[in-house]
Structures are given as C-alpha cells and as structure tokens.
There are 2 protein chains.
Amino acid sequence: MRLRVYFTPGEVHAGDLRGTSAAVVDAVRATSSIVEAIANGARAVHPAVTVGEAVRLRAELAEDGERPLLCGERGGIRPGGFDLGNSPAEFTPPAVGGRRLVMTTTNGTRAFAAAVGADRVLAASFLNRSAVADAVRGDRAVAVVCAGRKGRFALDDAVCAGHVVRAVIERAAAPVTLDDGATAARDLAGRYGVSGEMLAGTAAGRALVEAGLGADLALCASADRRQIVPMMYDRVITVPRG
Amino acid sequence: MRLRVYFTPGEVHAGDLRGTSAAVVDAVRATSSIVEAIANGARAVHPAVTVGEAVRLRAELAEDGERPLLCGERGGIRPGGFDLGNSPAEFTPPAVGGRRLVMTTTNGTRAFAAAVGADRVLAASFLNRSAVADAVRGDRAVAVVCAGRKGRFALDDAVCAGHVVRAVIERAAAPVTLDDGATAARDLAGRYGVSGEMLAGTAAGRALVEAGLGADLALCASADRRQIVPMMYDRVITVPRG
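A. Fine view of the interface of chain A and chain B. Facing 28 residues of chain A, the contacting portion of chain B comprises 28 residues. At the boundary of chain A with chain B, total buried surface from both sides reaches about 1,900 Å², with 47% on carbon and sulfur atoms. Of all residues in chain A, R152, F153 and D180 of chain A give up the largest surface area on contact with chain B, accounting jointly for 36% of the area buried on that side. For the pair chain A and chain B, the number of links is six salt bridges. Residue D179 of chain A pairs with R152 of chain B through a salt bridge whose shortest N-O separation is 2.8 Å. Between the two partners, chain A and chain B, sit 16 residue pairs in polar contact (both at pLDDT 80 or more). Here the side of chain A that touches chain B takes eight residues from helix α7 (residues 180-191) of chain A, the largest share from any one element. In the side of chain A that touches chain B, the residues fall into eleven nonpolar, six polar and eleven charged.

This is the structure in structure tokens:
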C-alpha cells in the first residue's frame, strides 16, 4: 500500500488522488462534527465552501421538500442565521436526527473540495481513527488530506493524520510505503498522545479556547469514540444505511 | 521572538513576511550549493525561477561585462548548455571564485521568490545552521521557508528547518513563540539526527541516489561546515565582502 499525507489542501495537485482513497482530516473541528452528526442520525452533510454557497444549497434542498439545517463557522463562530455552529457536541440526536446538514467551515470544507478527485473520500478524525483504518485496509493507495489552517500546516491535523497512518500500518497485510508527509505525521503522532491538552497547545486549540469553546477539545480528542466512516458520494457526506 | 516554519512556498501568503527575517531552506540541494558557492568565493548567486529566465539573466549580465556561470537542475540533472549542475561539490574555488552564478532549480529558487516580501532573506542549510541562528538572534520575527518538493512537504527541509529552530531557541535571550510548523519541525529534528543516511531516507534523497548523485547527501548533511550566511539583496544572493 502507498500511504501519503498532504498537510494542506494546497499540496494536492489535480490528478494526485486518482486511484486513491482520501481521508479528509479537520480534527478541530469539522470532521469531528461530521462524525458526530452522522453517528447521531443526521441523514447527510452537504459541504459548502462559502457561506453564500451554503445558503443557496439550503434553499435548493428546501425546494425539494427537505428541512436542512445550516451549520458551520467563520472565525470559529456560528454565522448569524445559522442553525448550528461547529461544536461536535451540538450535533446531538434531537438536534440532527433524520435531518440533512449544509455545513461550511473555514478550513474543513475546502479540504473536501480538494479531495473530490479521489476514488473514495472519507471523513476522518480522532473519533473514528480505527474505523477509517479498517475501511481502507485493502486499498492500494491511501492519502490523508489535512484541512490545515488558513492554507498552512496545522499540528492538530498532522497529529491526527499520524494516528490514522499508525492505525493503517498496524492493520496492513502487505508492506506500506510512506511518503515524506506520512513519515513525518507518523513521527509526530509518536511524539504526541491524543488528548484535549495536546490539542489546546496547537494554534487551532488556542483559538478555540480564546473563543470560549475550549470544552470542544476533549470531545475532538475522544479516540475511537465512533465506529462509523462517513463517505462523500457525489459531494454529499453520509453512510450507507439499512 | 516569533518563530514560524512554512513547509512549502505555497503556505506563504502575501504580506506574511513583513517585519520578518526569512531563512530559505532547500537542504537537498539548492541552499547547500549556494552556501558552498559563496563560501568558495562566488561573488553572487542570481536565482531564476525558470530555465528561460536564467538564460535571459545570464545574457543581461554578460552585456554588463560579466562572465556569469549558468547552474542548476531540472529533475536533478544539469540542463544542456549549463556550466554547472546543482551538486554542492561542484562549486569549488577554481570553478566559482570571483564569478557570478545564475541558478535555477526545481524547488529552491521558487522558495526565494516566495520570500521576497521579507525584511531580510537568508540562505539556510545544514551547512550553515548555527551561523543562520547567530544572524537572526536579535530579531523579533523569524520564519523558515522550506522549498519543499513539487509544492509538497519535504522531510529533508522540515528536519533542516527544525535544526535551525533548535539553534535559534538555544541562542534566544527572550522567550520564543513557535507556531505549529515550528513546533513540528523542532520535534522532527529531535527525532532525526543530521546525516547523509537520514537524507537518503527522504524523497529528495532517494531521487538523488537514483540519479547517481547520492554522494551529494553526505556534503548536504555536513552540519556547521560553514560560518557564512548568504543574504538576498535586491534579488541577488551574496555576503557583504570587505
């Protein structure tokens, strides 16, 4: 298996992800929120890059008879008129059960946009790290695409990517070839455990604490809390349901 | 002091480097070659992003009565018509003494282009790691700009950046604030020593070995071999000479 890590969406070039399963990571907080939402019964998450695109998408879905929830953040904060922000704890069964969500976040939804050329796109976080590794176990090429922060390297995502890399290696039947990014992510994951304190030491974590949302960090660091792997089908993130 | 590391030129946004000393790193091999060239008596290195730009620049300099040398690589190999490639060992006193060099490399010269907005731009490598740290000691904001590899994270540059970060921290009189990139680079440098074997395990190192140029790696890993810090003045890299 070929295993790569991209630390920012900008590192992904057109065609890079052909033949590849791409696990998108925005540990603090978008992919954590997506995992919680789907685990708690949301039917699907529709990522939108801009607030305007999110508002239009909600209107389109409403025309089809849906009652979609608008959720996400700008600068960490829920925009006016949005139903939910981007705290994983908001996506409870009563809040999201049976609903479609339109989500726009500063960094996370751009990473899904960058991953569109992959054969499969998975939502990965500390919450479902092992489930993601199980899902890609037999694949020939796997890439972790980190959302990063404002186009730059983000330590929370890099450490999360590294924990995914380690979980993938543990399960591998055949030898795994790591690129430079996967090697570095694996090493950083070895240096850092998974904890809210670790996340609080990253730029994303510090910004969240300053915004009064530091309580989210412990939830974002809850390793293997969920066994689901949301996947993107035709730009909609969901899981196969019975 | 604020200390940042950018792992790719693409992470640098316009205005980021204002008020900042930027150390450009392309450990394998451009900044190693620049340090060797200047240490061995080259008057200056003129970076050019494309081969065409390099050829034009040589012609312009020749019109001014210079006898500039054209050097660099594409895919690791010296282009036809070039005087020198990009092996640090080529830049000997007989080859470069008293000469101006026009240099174009796949990744390194792009990093210098990205750093143009900085207050000072320095050429950094394992060869002059401590000298670079001495040079920025009193600065308020320092950034390491890694060349990366084809727009992506490169482990050789990240480890070199981390060794620069460690050397800067060792010398700091005031507290040093690290961003996520500098934190990760510092940790990776702690994981990896400086050696040709380490470089041979990176993507850049493997490509060099495959091109039959693996002998360059030991020289690129010669920590603190040189005490000079080439700096870019008006897009020309040189050192003040008496």
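Past the structure itself, the notes keep going.
B. Focus on the relation of the copies chain A and chain B. You can overlay chain A on chain B at an RMSD of 0.0 Å; the transform is a turn of 180° with a shift of 0.0 Å along its axis. Both copies of the chain, as the preceding transformation shows, are related through a two-fold rotation axis. Looking at chain A, 100% of its interface residues are interface residues in chain B too, so the copies touch through the same face.

The rules behind the values
- Residues numbered from 1 in each chain as written.
- Chains lettered and ligands numbered in written order.
- Predicted model: local features only at pLDDT ≥ 70, side-chain atom pairs only at ≥ 80, totals over all residues.
- Heavy atoms only, no water.
- Contact = heavy atoms within 4.5 Å.
- Buried area = accessible area lost by both parts, 1.4 Å probe.
- Salt bridge = Lys/Arg side-chain N within 4 Å of Asp/Glu carboxyl O.
- Polar contact = N/O pair within 3.5 Å; in protein donor to acceptor, adjacent residues only side chain to side chain.
- Helix = DSSP H or I, 4+ residues; strand = E, 2+ residues; numbered from the N terminus.
- Nonpolar A, V, L, I, M, F, W, Y, C, P; charged D, E, K, R; others polar.
- Least-squares fit on C-alpha atoms with pLDDT ≥ 70 in both.

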